[in-house]
Amino acid sequence: MPQLTKIILTQFKNYSFSSFQFTERITGICGLNGKGKTNLLDAIHYLCFTKSYFSKSDSLNIQFDMDGFRLEGYFGNDKITCINRGANKKELFFNDVEYEKFSQHIGKFPCVMVAPDDIELITGGSEDRRKFIDTVLSQMNADYLQQLIQYNKVLQQRNSLLKRFAEQGKTDWALLDVLNHQLIQPGEYIYQKRKELTTQLIPLVQKFYHQIADNEETIALNYESQLNSANFATLLDQYKDKDLILQRSNAGTHKDDISIELNNHIFKSSSSQGQRKSLLFALKLAEFELLKATKGYAPLLLLDDVFEKLDDKRMQNLLHWVCNENDGQVFITDTHRERLELAFVDLHSPYQIIAL
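Residues numbered from 1 in each chain as written. Predicted model: local features only at pLDDT ≥ 70, side-chain atom pairs only at ≥ 80, totals over all residues. Heavy atoms only, no water.

A. A look at helix α1 (residues 37–49). The terminal C-alpha atoms of α1, which comprises 13 residues, lie 19 Å apart, in line with the 18 Å expected from a rise of 1.5 Å per residue. In terms of burial, α1 is a largely internal element, twelve of the 13 residues being buried. Within α1 the residues assigned to the buried category are Lys37, Asn39, Leu40, Leu41, Asp42, Ala43, Ile44, His45, Tyr46, Leu47, Cys48 and Phe49. Among the residues trailing α1, Thr50 stands out with phi positive, at a value near 65°. (Helix = DSSP H or I, 4+ residues; strand = E, 2+ residues; numbered from the N terminus. Expected span 1.5 Å × (residues − 1). Buried < 20%, exposed > 50% of the residue type's maximum accessible area, 1.4 Å probe, protein only.)

Next up, the structure:
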């Protein structure tokens, strides 16, 4: 993958107009809190994913009191431009040619982000873990993203229909059957792809967990899906009465999860903070490794404030693996310039420091 050599931010979050050149494969970004370290990483993420890693709504990415923003990034000879004109008007260009759909861009410049709130991936609800799996798969497989978009669209229609049945007091079974049929195909596809991915992902997570945690704890991960025990058509039939009562769809891949156990106990309730951090990095490095294997090159790696998360030894292990055993581009933020420089000097690799 060509290196990101330059980024220009206009009215993006706290940046009025700023331009940054990246001269080395390893870049440290330092500065006090509130200076825009995380926002700079997020701008890079935006160019890869057409959306912010942190903000659900695009309006939160626009500088205060402004009407829109513009991001421009140069990956080798390729230029990506994103223009947000406010009021949900957004355009994305690849070498000055506009994309018809944003989804066409996903996976072109694969990227893995690690940020402080990611611990939700382990402690939060199943939605966070599904999102993680979907992010990996969407970058590996363009068809998967299309099927996921289709599934979510039909699911929304089906839920609206169930609400309408309750309001009207009558059920149109024929119409429900049509939507069931439209849901089954993408649902079965998503299930198969998630099942294949987790089979590859789980051993990698276990390997990295042992490396980072530096112990022999047994960590077990399992892909949980209602489709493990029955086909989708059967499930929709089984849950039909419950769906009508609760006015929403209770069966499908939108209920999937990954269960995690540590020494045969539920990880969420039996793990220390250190164990959670180790697992978070293990999950992210496994994502990195899978993307690398699929694409044939290392994805971009964005590490936000990771020094606060790991002790020195684990941090050095992580940086050595990321920077020396891989040839991908890495961006790391920290409040302390000295700490960044000390860590980089130990790696004996060329690096650049950007002070905000």
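Past the structure itself, the notes keep going.
B. Spatial organisation of the packing of helix α5 (residues 173–213) against helix α10 (residues 312–324). At their nearest, the axes of α5 and α10 sit 9 Å apart, and the two run at 135° to each other. The orientation of α5 with respect to α10, classified from their angle, is oblique. In this structure, α5 uses Phe208, Gln211, Ile212 and Ala213 to contact α10, whose residues at the interface are Arg314, Asn317 and Trp321. Residues of the contact of α5 with α10, tallied by class, amount to four nonpolar, two polar and one charged. (Axes fitted to C-alpha atoms, helices over the stretch in contact; angles between N-to-C directions. Parallel < 35°, antiparallel > 145°, perpendicular 65-115°, else oblique. Contact = heavy atoms within 4.5 Å. Nonpolar A, V, L, I, M, F, W, Y, C, P; charged D, E, K, R; others polar.)

C. Up close: the side chain of Ser225. Among the structural elements, Ser225 can be located in the loop between β9 (219–224) and α6 (232–238). Taking the relative accessible area as the measure of exposure, Ser225 reaches 11% and is therefore buried. Polar side-chain contacts of Ser225 include one of 3.1 Å to the backbone nitrogen of Leu227. A polar contact is formed between the side chain of Ser225 and the side chain of Asp256, at a distance of 2.8 Å. Apart from the residues within four sequence positions on either side, Ser225 is in contact with Tyr191 and Asp256. (Polar contact = N/O pair within 3.5 Å; in protein donor to acceptor, adjacent residues only side chain to side chain.)

D. Seen up close, the packing of aromatic side chains. Tallied over the full model, the rule gives 14 aromatic pairs. Centre to centre, the rings of Tyr46 and Phe69 are 5.4 Å apart; their planes meet at 85°, and the pair counts as edge-to-face. Taken as a pair, Tyr46 in helix α1 and Phe69 in strand β4 (residues 69–75) lie far apart in primary sequence, 23 residues in all. A relative accessible area of 0% places Tyr46 in the buried class. Classification of Phe69 by relative accessible area gives buried; the value is 2%. Taken together through their ring pairs, the aromatic side chains of Phe75, Phe94, Tyr99 and Phe109 make up a single cluster. Positioned over the ring face of Phe208 is Lys207, at 4.8 Å from the centre of the ring. (Phe/Tyr/Trp six-rings, centres within 6.5 Å; stacked < 30°, edge-to-face > 60°. Lys NZ or Arg CZ within 6 Å of the ring centre and 35° of its normal.)

E. Region of the structure containing the sheet that holds β9. Spatially, β9-β10-β11 is the arrangement adopted by the three strands of the open sheet, whose pairing is antiparallel. The open sheet has two edge strands with one neighbour each: β9 and β11 (265–266). Summarising the sheet, strand β10 (residues 257–262) and β11 pair through two bridges and their orientation is antiparallel. The residue of β11 that forms the bridge with Leu262 is His265. (Pairing = 2+ DSSP bridges.)

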